[in-house]
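Structural features, examined
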Amino acid sequence: MALADDVANAMHVLEMLAPHPEGRRVSEVAERLGINKAIAHRLLAVLVDTGYVNQDPRTSSYFATHSLGALGLRQLSSSGVGTWAQRALDSLAAECEELVRLAVATNDSLQWIAKAQGSNSSLRLDPVMGQDAVPHATASGKAWLATLSPERVEAILDREGELSSTPRSPLDRSSLLLELDEVRHRGYATTFEEMDLGINAVAAPIFGAGRGAEATGTISIAGPSVRMTRAQMADFSPLLLSAAADIARSWPSFAYLAADAELSA
């Protein structure tokens, strides 16, 4: 069991360090994992030896190296993102002439992994691949949260802490939970300058594991608020939902699980 705990904690350390280029100190890692500093230091030392973590000599903080990102990119490449999703992204981007993004759910986070830009868009948005979507302030995050159990939503929001990104973000948890009810009824989520001022977005969940399960990812359309009006989002919604269903049908993990179930029957 000790080995299993060590492996799990090492993975949790990488998850903690990945979104924080400034790094985290040993004491912070220990506190978040609920372990003593000696064990945290040992885990970090092993990760440094493997090349996935390094230590800043000025601050003593530990940060993830590019080896971790390279590993993730190799996994994405081998999973065939370019073949099973890119065509749908390109098609939707061409129709709406705005930025289209695909995000995948991993544990309790959502990461953007692929994008397509409408060729006639005058404003080009270029998010960093692998960046986490803020659950409460992005259309993708809301679309994903709306498919989770109330307990999971509460746990994720507890981890996020204070709900704030821009002055237009939801001010309290109760208003966000009411909005998630609307998302479930409507089938897609919207944001109006809640993550970035001047940018609106609409997103739909992708049910790669079937309609009765949590969303395995999201697909979104983002653009300048002067173009991405509420009416425009409503017009885009049928295209968006169709693209989400198209990607869900070829979602790799779902296809594998379905095939495994047939073999086991």
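To be clear, the structure that these remarks concern was listed above.
Below is a short write-up of the structure. (Residues numbered from 1 in each chain as written. Predicted model: local features only at pLDDT ≥ 70, side-chain atom pairs only at ≥ 80, totals over all residues. Heavy atoms only, no water.)

A word on the overall build of the protein
Which entries qualify depends on this criterion: Only DSSP runs of H or I covering at least 4 residues are called helices, and only runs of E covering at least 2 are called strands; the numbering of each starts at the N terminus. Exposure categories follow from relative accessible area, calculated using a 1.4 Å probe and restricted to protein chains: below 20% of the type maximum is buried, above 50% is exposed, and the middle band is partly exposed. Contact between two residues is taken to exist if any of their heavy atoms lie within 4.5 Å; hydrogens are not considered. We get accessible surface area from the Shrake-Rupley algorithm with a probe of 1.4 Å; when it comes to residues, only the shown protein chains can shield them.
Along its length, the protein carries 11 helices and seven strands. A total of 265 residues make up the protein; the buried ones form 44% of that total. Sequence-distant contacts, at least 24 apart, represent 57% of the contacts inside the protein between residues at least 6 apart. Just so you have it, the protein exposes about 14,000 Å², and 56% of that area is on carbon and sulfur atoms.

Points about a nonpolar patch on the surface
Going by this rule: Residues form patches when they are more than 30% accessible in relative terms and have no salt bridge. Like charges link within 9 Å. Nonpolar side chains (Val, Leu, Ile, Met, Phe, Trp, Tyr) link within 5 Å. The term salt bridge refers to a side-chain nitrogen of Lys or Arg lying within 4 Å of a carboxyl oxygen of Asp or Glu.
On the surface, Leu 3, Val 7 and Met 11 cluster together into a nonpolar patch covering about 310 Å² of accessible area. Here Met 11 shows up in helix α1 (residues 2-17).

A closer look at helix α6 (residues 86-96)
The cut-off we apply is this: Directions drawn from the helix axis to the C-beta atoms are what define this arc.
Within α6, burial applies to Gln 86, Ala 88, Leu 89, Leu 92, Ala 93 and Cys 96. Looking straight down α6, one finds that the buried residues subtend no more than 160° of arc, so they occupy a single side. For α6, the exposed residues lying more than 90 degrees away from the buried face are Arg 87 and Ala 94.

A word on the side chain of Glu 193
Basically, it comes down to this: Counting of polar contacts relies on pairs of N or O atoms within 3.5 Å, with two restrictions inside protein: one atom must be capable of donating a hydrogen and the other of accepting it, and residues adjacent in sequence are counted only when both atoms are side-chain atoms.
As for its placement among the helices and strands, Glu 193 is situated in the loop between β5 (189-192) and β6 (199-206). According to the relative accessible area criterion, Glu 193 is buried, its value standing at 16%. Within the local environment of Glu 193, its side chain forms a polar contact with the backbone nitrogen of Gly 198, the two atoms lying 2.6 Å apart.

A word on the nonpolar core
Generally speaking, nonpolar side chains in soluble globular proteins are found buried as a group. Quick reminder of the rule: Definition of nonpolar core: a set of buried residues of the types Ala, Val, Leu, Ile, Met, Phe, Trp, Tyr and Cys, connected through side-chain atoms within 4.5 Å.
Counting residues in hydrophobic clusters, the biggest one holds 29 residues, and the most contacted among them are Leu 102, Ile 219, Ile 221 and Ile 247. The biggest single contributor to this core is helix α10 (residues 230-249), with seven residues. Apart from residues lying up to four places away in sequence, Leu 102 is in contact with Trp 84, Ala 85, Leu 89, Gln 111, Trp 112, Ile 113, Ala 114, Ile 206, Thr 218, Ile 247 and Trp 251. Residues Ala 143, Leu 145, Leu 148 and Ile 199 belong to the second largest nonpolar core, which totals 23 residues.

Considering the packing of helix α2 (residues 26-33) against helix α3 (residues 37-50)
To be explicit about the condition: The axes are straight lines fitted to the C-alpha atoms, using for helices just the contacting stretch, and the angles between their N-to-C directions are given from 0 to 180°. Should an angle fall under 35 degrees it is taken as roughly parallel, and over 145 as roughly antiparallel, whereas 65 to 115 is taken as roughly perpendicular and any remaining angle as oblique. Three residue categories are used. Nonpolar comprises Ala, Val, Leu, Ile, Met, Phe, Trp, Tyr, Cys and Pro, charged comprises Asp, Glu, Lys and Arg, and polar comprises the others, including Gly.
Their axes nearest at 8 Å, the elements α2 and α3 cross at an angle of 110°. Considered as vectors, α2 and α3 are oriented roughly perpendicular to each other. The residues of α3 that touch α2, namely those facing Val 26, Ser 27, Val 29, Ala 30 and Leu 33, are Lys 37, Ala 40, His 41, Leu 43 and Leu 44. Taken together, the residues of the contact of α2 with α3 sort by class into seven nonpolar, two polar and one charged.

Describing the packing of aromatic side chains
Worth spelling out the cut-off: Aromatic rings from Phe, Tyr and Trp, taking only the six-membered ring of Trp, are treated as a pair when their centres fall within 6.5 Å; an angle between ring planes under 30 degrees marks them as stacked, one over 60 as edge-to-face, and anything in between as tilted. Think of it as a cone above the ring: NZ of Lys or CZ of Arg counts as a charge over the ring if it is within 6 Å of the ring centre and within 35 degrees of the ring normal.
Within the structure shown, the criterion is met by zero aromatic pairs. A cation over a ring is seen here: Arg 101 above Trp 112, with NZ or CZ 3.9 Å from the ring centre. Here the guanidinium or amino end of Arg 186 rests over the ring plane of Tyr 188, the centre of that ring lying 4.9 Å away.

Observations concerning the environment of Leu 239
Positionally, Leu 239 belongs in helix α10. Excluding anything up to four places from it in sequence, Leu 239 contacts Leu 92 and Glu 95.

Topic: the pattern of salt bridges
Counted by the stated rule, this structure contains 12 salt bridges. Taking the shortest distance from any N to any O, the salt bridge between Glu 179 and Lys 142 comes out at 2.8 Å. Taken together, the residues Glu 179 in helix α9 (residues 173-186) and Lys 142 in helix α7 (residues 139-145) connect sequence positions 37 residues apart. Given the relative accessible area of 0%, Lys 142 is considered buried. A salt bridge links Arg 173 to Glu 154; the shortest N-O distance between them is 2.5 Å. Residue Arg 173 is found in helix α9, and its partner Glu 154 is found in helix α8 (residues 150-160); the two are separated by 19 residues along the sequence. When its relative accessible area of 24% is taken as the criterion, Arg 173 is described as partly exposed. When salt bridges that share partners are traced, they join Arg 24, Glu 28 and Arg 32 into one network.

Concerning unusual backbone geometry
You will see that Ser 60, though not glycine, has its phi angle at about 70°, which is positive. Structurally, the position occupied by Ser 60 is in the loop between β1 (53-55) and β2 (62-64). The exposure class assigned to Ser 60 is partly exposed, which follows from its relative accessible area of 33%.

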